[in-house]
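Spelled out, the chains give:
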Amino acid sequence: MPDGSHIVDLRACTPGPVREILPLEARGLTYEAGGHRLIDDLSLRFEDSGLSAIIGPNGAGKSLLLRLLHGLIAPSGGEVLWRGQAADETIRLRQAMVFQRPVLLRRSVAGNLRYALRHGRNGAAGASVGSSVEAWLTRANLLHLADRPARLLSGGEQQRLALARALSRRPEVLFLDEPTASLDPTATLAIEELIGQARAEGTKVILVTHDLGQAKRLADEILFLHRGRVEARAPTEQFFSDPENDNAAAFLAGRLVF
Ligand SMILES: Nc1ncnc2c1ncn2[C@@H]1O[C@H](COP(=O)(O)OP(=O)(O)O)[C@@H](O)[C@H]1O
Ligand SMILES: [Mg+2]
């Protein structure tokens, strides 16, 4: 339980990002596979900081959309633009993604962070990497596990490490695909705290979640995705009080939406 017993010196972590790659835009994005149009002529724009939550039924295309925006998969049509440009190596180093199941290196907990810090865009070396590793482990409440093999951690600890590793590279944009889907409430709270800090420090967070409570707790705005299209988008309070879209309303009411 994060109880304040691990005092975090945020100044020891590298400073927050300067955002230079926003806005992020999708223009007429489509993704087709197996004869189906899974992302359907989707256009959207993320202008500024804050947390945008993407919700919607299973199979709506949330994970595909995130992968397309992050550049992990190529669209069948349309384009993803960062400040008007296609992604290049610089832009790729300024954004990060964390998945539902953390993908960790076969190294120690500290080793995973050290690797990220050495190979990130700031490419620091020597002593500064050492102090940064310690600061991030402290922030993620993992310092006591620094020498443990990362793959032997609990699910919640692995996800804290995956998130700390992503954040240590100071991404301007952070994509999160159901980062707490398999975690209990205590582990979820710890992850939500890390996400909240990143947001507060100016990272633009784009979070896919099936957890409506989480969307309410964290998001500045909600996007409702259905059948590969964004059917509703509104500031969080407004979205939950008046979704202005029949499918979104049905989804919020817990009815099955196909
Ligand atoms: N490579 C693929 N080939 C065929 N169908 C796919 C592929 N990837 C995803 N899909 C299908 O696309 C739809 C959207 O998938 P996904 O983005 O994972 O949904 P969500 O994350 O919203 O639950 C689903 O019906 C899924 O089965
Ligand atoms: Mg998904």
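Scroll up for the structure.
Everything numeric in this text was worked out from a predicted model, so none of it was measured. (Residues numbered from 1 in each chain as written. Chains lettered and ligands numbered in written order. Predicted model: local features only at pLDDT ≥ 70, side-chain atom pairs only at ≥ 80, totals over all residues. Heavy atoms only, no water.)

**Student:** What's the story with the overall build of the chain in this structure? I'm lost.
**Tutor:** Within the chain, the secondary structure is distributed over nine helices and nine strands. Split into buried and exposed, the 258 residues of the chain put 50% on the buried side. In the chain, the proportion of contacts linking residues at least 24 apart, taken out of those at least 6 apart, comes to 71%. (Helix = DSSP H or I, 4+ residues; strand = E, 2+ residues; numbered from the N terminus. Buried < 20%, exposed > 50% of the residue type's maximum accessible area, 1.4 Å probe, protein only. Contact = heavy atoms within 4.5 Å.)

**Student:** What should I look at first to understand helix H6 (residues 185-200) in this one?
**Tutor:** One turn of the α-helix equals 3.6 residues, which is why residues spaced by three or four share an orientation. The terminal C-alpha atoms of H6, which comprises 16 residues, lie 22 Å apart, in line with the 22 Å expected from a rise of 1.5 Å per residue. Those residues of H6 that fall on the buried side of the exposure criterion are Ala187, Thr188, Ala190, Ile191, Glu192, Leu194, Ile195 and Ala198. For H6, the N-terminal cap is aspartate 184; the gap from its side-chain oxygen to the backbone nitrogen of threonine 186 is 3.2 Å. Phi turns positive, to about 105 degrees, at glycine 202, one or two residues after H6. (Expected span 1.5 Å × (residues − 1). Polar contact = N/O pair within 3.5 Å; in protein donor to acceptor, adjacent residues only side chain to side chain.)

**Student:** Any chance you could explain the sheet that holds strand E4 (residues 77-82) here in plain terms?
**Tutor:** Hydrogen bonds along the backbone pair up the strands of a sheet, which may run parallel or antiparallel. The strand order E2-E1-E4 describes an open sheet built from three strands, whose pairing is antiparallel. Edge positions in the sheet fall to strand E2 (36-46) and E4, since each has one partner strand and no second. Sheet twist, expressed as the mean angle between neighbouring strand axes with direction ignored, is 20 degrees. Looking at chain direction, strand E1 (residues 24-33) and E4 are connected through five bridges and run antiparallel. Within the sheet, the bridge partner assigned to alanine 26 lies in E4 and is valine 80. (Pairing = 2+ DSSP bridges. Axes fitted to C-alpha atoms, helices over the stretch in contact; angles between N-to-C directions.)

**Student:** I tried to follow the layout of surface pockets on my own but got confused; where do I start?
**Tutor:** The calculated volume of the largest pocket comes to roughly 520 Å³. Along its surface, the largest pocket is lined by 22 residues, and His70, Ala96, Met97, Arg165 and Arg169 are the ones closest to its centre. Elements that contribute at least two residues to the lining of the largest pocket include exactly helix H2 (89-93), strand E5 (95-98), helix H3 (109-119) and helix H5 (155-168). Split by residue class, the lining of the largest pocket holds 14 nonpolar, four polar and four charged. (1 Å grid on protein atoms, 1.4 Å probe; cavity = no way out; pocket = protein on both sides within 12 Å on 5 of 7 lines; lining within 4 Å. Points joined across faces, edges and corners; volume = space filled by probe spheres on them. Nonpolar A, V, L, I, M, F, W, Y, C, P; charged D, E, K, R; others polar.)

**Student:** What exactly am I supposed to notice about the sheet that holds strand E9 (residues 229-235) here?
**Tutor:** Strand order in the open sheet made by the six strands is E5-E6-E7-E3-E8-E9, with mixed pairing throughout. The outermost strands of the open sheet, each flanked by one partner alone, are E5 and E9. On average, adjacent strands in this sheet sit at an angle of 15 degrees to one another, irrespective of strand direction. Pairing geometry for strand E8 (residues 221-226) and E9, over six bridges, is antiparallel.

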